[in-house]
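# Inside the fold
So you can see what is in the structure, the chains are spelled out below.
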Amino acid sequence: MFIAKFLQSAWQPGQFPEDDATEVAFAGRSNAGKSSAINAILARPGLARTSKTPGRTQLINFFEVAPAQRVVDLPGYGFAKVPIKMQQHWRELLTRYFETRQSLTGLFIIMDSRRPLLDFDWQMLDWAKARHLSTHLVLTKTDKLSRSEAARTLAAVKAETQALATAQLFSATTKLGTDEARRVLDEMLTARR
Ligand code: GDP
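Here we summarise the structure given alongside this text. Nothing here was measured: the structure is a model prediction, and the numbers come from that model. (Residues numbered from 1 in each chain as written. Predicted model: local features only at pLDDT ≥ 70, side-chain atom pairs only at ≥ 80, totals over all residues. Heavy atoms only, no water.)

A separate point is empty space enclosed by the protein. On inspection of all chains with the given rule, the structure shows one cavity of 30 Å³ or more. For the largest cavity, the calculated volume is near 40 Å³. Counting residues per element, the ones that place at least two in the lining of the largest cavity are helix H2 (84-100) and helix H3 (119-130). For the lining of the largest cavity, the class distribution of residues is five nonpolar, one polar and one charged. (1 Å grid on protein atoms, 1.4 Å probe; cavity = no way out; pocket = protein on both sides within 12 Å on 5 of 7 lines; lining within 4 Å. Points joined across faces, edges and corners; volume = space filled by probe spheres on them. Helix = DSSP H or I, 4+ residues; strand = E, 2+ residues; numbered from the N terminus. Nonpolar A, V, L, I, M, F, W, Y, C, P; charged D, E, K, R; others polar.)

Let us look at the packing of aromatic side chains. All told, the structure shown has seven aromatic pairs when counted by the stated rule. A centroid spacing of 5.7 Å and a plane angle of 85 degrees characterise the contact between Phe16 and Tyr97, whose relative ring orientation is edge-to-face. In this pair, Phe16 sits in the loop between strand E1 (5-10) and strand E2 (22-28) while Tyr97 sits in helix H2, placing the two residues 81 residues apart along the sequence. Across the pair, Tyr97 and Phe16 agree in class, each one buried. A connected cluster of aromatic rings, assembled from ring pairs, spans Phe16, Phe62, Tyr97, Phe98 and Trp127. (Phe/Tyr/Trp six-rings, centres within 6.5 Å; stacked < 30°, edge-to-face > 60°. Buried < 20%, exposed > 50% of the residue type's maximum accessible area, 1.4 Å probe, protein only.)

Another point: the side chain of Ser113. You can see Ser113 is positioned in the loop between strand E5 (104-112) and H3. A polar side-chain atom of Ser113 sits 2.7 Å from the main-chain carbonyl oxygen of Thr140. The contact partners of Ser113, leaving out residues within four places of it in the chain, are Leu139, Thr140, Lys141, Thr142, Leu145 and Thr153. (Polar contact = N/O pair within 3.5 Å; in protein donor to acceptor, adjacent residues only side chain to side chain. Contact = heavy atoms within 4.5 Å.)

Now for the nonpolar core. Nonpolar side chains tend toward joint burial in soluble globular proteins. Counting residues in hydrophobic clusters, the biggest one holds 31 residues, and the most contacted among them are Ile60, Leu74, Tyr97, Phe98, Leu107, Met124 and Leu137. Mapped onto this core, the elements with two or more residues apiece are E2, strand E3 (60-66), H2, E5, H3, strand E6 (134-140) and helix H4 (147-161). Ignoring sequence-local partners within four residues, the contact set of Leu107 consists of Val24, Ala25, Ala27, Phe98, Met124, Ala128, Leu133, Ser134, Thr135, His136 and Met188. Counting residues in hydrophobic clusters, the runner-up holds 23 residues, among them Ala4, Phe26, Phe63 and Phe170. (Core = buried A, V, L, I, M, F, W, Y, C linked by side-chain atoms within 4.5 Å.)

Right, let's talk about the pairing of E3 for a bit. Most of E3 is tucked away: seven of the seven residues are buried. Sheet topology note: the E1/E3 ladder contains five bridges and is antiparallel. Of the residues in E3, the one forming a bridge with Lys5 is Glu64. The sheet contact formed by E3 and strand E4 (residues 69-73) spans five bridges and is antiparallel. Across the sheet, Asn61 pairs through a bridge with Asp73, a residue of E4. (Pairing = 2+ DSSP bridges.)

Helical geometry note: an α-helix holds 3.6 residues per turn, so side chains three or four residues apart project in the same direction. The terminal C-alpha atoms of H3, which comprises twelve residues, lie 17 Å apart, in line with the 16 Å expected from a rise of 1.5 Å per residue. Those residues of H3 that sit buried are Phe120, Asp121, Met124, Leu125, Trp127 and Ala128. Buried positions in H3, seen along its axis, are confined to an arc of 160 degrees and lie on one side of it. Turned more than 90 degrees away from the buried face of H3, the exposed residues are Asp119, Lys129 and Ala130. Buried residues in H3 make contact with E2, H2, E5, E6 and H4. (Expected span 1.5 Å × (residues − 1). Arc of directions from axis to C-beta.)

Fair warning: the whole summary comes from geometry, so function is off the table for now.
Right, dumping it as structure tokens:
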């Protein structure tokens, strides 16, 4: 089995690796649980750094998950204390990645199941729609909800997003939903560009 590994960080588009693979990007508001989800799905604890680690979370991080297949950890968004200039930089970096990347075949949007579909999530959905990109919504931290609350949330998210995306329940803590997430990731990574 191929073991996922860190490939490269980019603070500028010039630092993106060669655009010659298939890539699935992971997006999410800061603290949504994106790093924990990446680590659980790729079964590599500590691979994606969690929010508490300064530095890497402001970059686009590329991971190789199989030959010519990458997972791309996009910078989280929504830290109120981040200076405007830095927010502008993030936005430009994200826009550039999204608008120019040929390797990009799919998008995972990670959302806290207690607060799904906030502005940032809709913006990512709009971008994905504009690019006709396969999109999968991961409602994480479901261990904090009752089963019925989780089921209701998933139904509501599916109803609101309809044909824009698929959606699932997830927990990095209990590992609920990891098999489903891996299946979707694998489909996106093996899709024809
Ligand atoms: P990121 O900023 O989106 O990368 O979020 P992190 O993965 O760093 O997670 C933010 C916080 O939520 C951390 O304190 C995690 O331990 C916690 N967290 C992440 N996923 C889960 C989950 O599935 N269940 C619970 N209970 N906590 C989680």
